[in-house]
Amino acid sequence: MPDYAAPDNATDTTATDAAEGGRPTEVTAAGIARLAGVGRAAVSNWRRRHADFPKPVGGTETSPAFALRDIEQWLRDQGKLAEVPLRERVWQQLVGHPAGAVAALRQAGAVLLLVRDRPSAWQQLRAATDDAELTGVLPAVLDSVLAARLGAEHPVRGLTREALAPSAALARAAGELAAVDGADRAYAFLLGRHLDANPRQYTLTPPGPAALMAELASLAGPLHTVLDPACGAGGLLTAAQERAAKDAADPAGAPVTLHGQEADPDLAALSALRLALDVPGAQVRVRAADTLRADAFPQLAADAVLVHPPFNERNWGHDELAYDPRWEYGFPARTESELAWVQHALARLREGGTAVLLMPPAVASRRSGRRIRADLLRRGALRAVIALPAGAAPPNGVPLHLWVLRKPGSGAPPTPRLLVVDTADLSAGQAAGRDKPDWQTVHATAVDAWQAFDRDGDLDEVPGVRRSLAAIDLLDDDVDLAPARHLPPPAAAGGPAELARVRDRLTATLARTTELTPRPKPGDTLPDVAGAARWPLTTVGELARSGALVLRSGGAGTAPAEGAPAVLTDHDVIAGGAPSGSLPEAPASGPAEEPVLVRAGDVVVPVLGGGAVARVVDDATAGAALGRNLTLLRPDPAAVDPWFLAGFLRGTANNRQASSYASTATRLDVRRLQLPRLPLAEQRRYGRRFSDLATFEEALRLASRLGEQLVRGLYDGLTDGSVSPD
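These lines cover the structure that appears in this document, whether it is placed above or below.

It is worth spelling out the sheet that holds strand β19 (residues 625-626) at this point. Read from one edge of the open sheet, 3 strands run β16-β15-β19, paired in mixed fashion. Strands with a single pairing partner mark the edges of an open sheet, and in this sheet they are β16 (581-582) and β19. Taken together, the 2 bridges between strand β15 (residues 566-568) and β19 define a ladder with parallel strand orientation. Counted as the bridge partner of Leu568 is Leu626 from β19.

Shown next as structure tokens:
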């Protein structure tokens, strides 16, 4: 969802009551902070220090709400606010609406659709000087626009005269925002910020898996009709439309019909408005109802079905739906709601159509579903199971699966086969690392495997990554379809030849480690320990105040649209590894936030964990973003040597005196770390020794990794027969 800044002259500077004589639009402390461009702590200070700060008009004692117009006026009087940005004004009116943010978002979306589809009608309406006149006419006009765009049974309900009575200011502001940003971008901003503000309320399909699912479905042919029977906020249907436009020779002339169903009426309405505004060339039909109990599209024969179903749902209709004709492959057990969704998807496909479902991994192996899995295999309906990395989609700690199904028809293969792909370990060593899957690699691996398998009916095996299996070989007592069970890792890490190379590298590294082993040099030591106590000391905080170094904290920053840097995490610093993290995506409600980028010569220190660690950034690491729980020290090379700085920061006693201890963690106050005041030449003499120690430490790490690789490879080789015991 893109974000665009409103021009300086795009806003009225006075907030309006939600309705004439009604309660005013309210704003929380977080909203005030956003209006003024400060942190929440600053708002708390204003409340304590300024007797004229507006009093709360609602909320609770711990989370008070204030009248937006009073806050705007106070900020303006204090010189803390020149004007309220238009986007912010619309958002504050939306969240402070008497009927709640969701109802206000539904109303604003309907107005934006009116502005986009019938601009002349909107111009006539907005000319009305009386708010009651505007809200009195709006219901009939909005219902006409919604019915024309979404069908008579659309889910955007409740736009009555009474419901719209407090919404005149919101409607006018939404129209202004549409004039500046466009109706689609205005709604994308409002919906995106609402979803960002309520992450626990909605389970969304991230853009990466959504795009992959849409492309897998599109490889069989053009997507003219697409269904998502659990459409949520419409992410999968949006991805399907984008895929169809990419595949079409003329994207503007690529007609597509999007069908969606969602049990939550509010979410169904928001999804319908999103799709209607995002994809003006598509026919959109979204219904609010429980899909399994009350299917809204019983006669549909779609080209593709994309669905991220609810997981582990017991109350899915097991008792009421025992004789439903959709259970062509077997009646799902009460604990197998996901297999009910699988069969619903197949029932709504045309012959030869493709369904892609995002599934929890347990569905591939639970014994209660083995008979349905077996029948799906026998009849050639289940064509591929693709394991995704953990973190691909909520719940982020579980490596989810994609099931690719094809509705059997006259072209079904005589001897069905199943493609299994495991992308769970493809991010190892990549820039995406632990925090986020490397979607470029995952996407390419899954698409390449499915495209070759679907075209040829078979494909070459890549050990540990992909394999084609005869369905009959899977029809045992368990019918376990988990890819990891059928994709053993490559034999002995590449076989005896690779093990020999690892052994040679280990031997050379151990020899180098012996050469690098530091030996005390009498000429470099102080005459006695008491000499150290005579050094004049300073602290990192004092050096920062004097300008000898700059302190920066990590963790801030979001990924730009292109060219996002890797993130140096606290784990990378402690383990001495390359940057392995990734920046979070920028929220739909705002632009990307600039991260702190490290430079060669910076010193990076972890602040949690209690270990004495400091790392000097080299050329290979320079340009990475600074991760959470890290502090960067950027010394002035004319005043402080970076290796001298890092070496003294690692002293055990130094870390102990600068640390604070909680019940479960130790936190380092970097500003309290001490180092001696020495001339630059003497700093560099110490710095050379500290640099030698760091080189020795890295050699030890490499020897440890190679030793573990050799031992693991020999165990694997001896047990799989690729290495002889003699």
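On to helix α15 (residues 370-378). Taken as a whole, α15 has its buried residues at Ile372, Arg373, Ala374, Asp375, Leu376 and Leu377. Downstream of α15 by a residue or two, Gly380 has a phi angle that is positive, lying close to 75°.

Below, the discussion takes up the pairing of strand β12 (residues 466-470). Most of β12 is tucked away: 4 of the 5 residues are buried. Sheet analysis places strand β11 (residues 417-422) next to β12, joined by 5 bridges and oriented antiparallel. Bridge pairing links Arg417 to Ala470 in β12.

Spatially, β6-β5-β4-β7-β8-β10-β9-β11-β12 is the arrangement adopted by the 9 strands of the open sheet, whose pairing is mixed. Each end of this open sheet is capped by a strand with a single partner; those strands are β6 (283-288) and β12. Sheet twist, expressed as the average angle between the axes of neighbouring strands with direction ignored, equals 15°. Where strand β4 (residues 225-228) meets strand β7 (residues 302-307), 2 bridges bridge the pair, whose relative direction is parallel. In the strand pairing of β7, Leu227 is matched with Val305. On the sheet, helix α12 (residues 235-247) packs against β4, β5 (257-262) and β7 and is oriented at approximately 160° with respect to β4.

On to the pairing of strand β17 (residues 603-606), then. Here β17 shows two buried faces, one formed by Val603 and Val605 and the other by Val604 and Pro606. Summarising the sheet, β17 and strand β18 (residues 615-616) pair through 2 bridges and their orientation is antiparallel. Across the sheet, Val604 pairs through a bridge with Arg615, a residue of β18. Bridging between β17 and strand β20 (residues 630-635) involves 4 bridges; their strand directions are antiparallel. Across the sheet, residue Val605 finds its bridge partner in β20, namely Thr631.

It is worth spelling out the nonpolar core at this point. Counting 95 residues, the largest nonpolar core has Leu216, Leu306, Leu388 and Leu402 as the members making the most contacts within it. Counting residues per element, this core draws most heavily on helix α5 (residues 101-117), at 11 residues. With sequence-adjacent residues up to four places away left out, Leu216 is seen in contact with Thr354, Val356, Ile386, Leu402, Val404, Ala446, Val447 and Trp450.

On the secondary structure map, Thr423 appears in the loop between β11 and α16 (439-456). There is a polar contact of 2.6 Å between the side chain of Thr423 and the backbone oxygen of Ala387.

Rules used throughout
- Residues numbered from 1 in each chain as written.
- Predicted model: local features only at pLDDT ≥ 70, side-chain atom pairs only at ≥ 80, totals over all residues.
- Heavy atoms only, no water.
- Pairing = 2+ DSSP bridges.
- Helix = DSSP H or I, 4+ residues; strand = E, 2+ residues; numbered from the N terminus.
- Buried < 20%, exposed > 50% of the residue type's maximum accessible area, 1.4 Å probe, protein only.
- Axes fitted to C-alpha atoms, helices over the stretch in contact; angles between N-to-C directions.
- Contact = heavy atoms within 4.5 Å.
- Core = buried A, V, L, I, M, F, W, Y, C linked by side-chain atoms within 4.5 Å.
- Polar contact = N/O pair within 3.5 Å; in protein donor to acceptor, adjacent residues only side chain to side chain.

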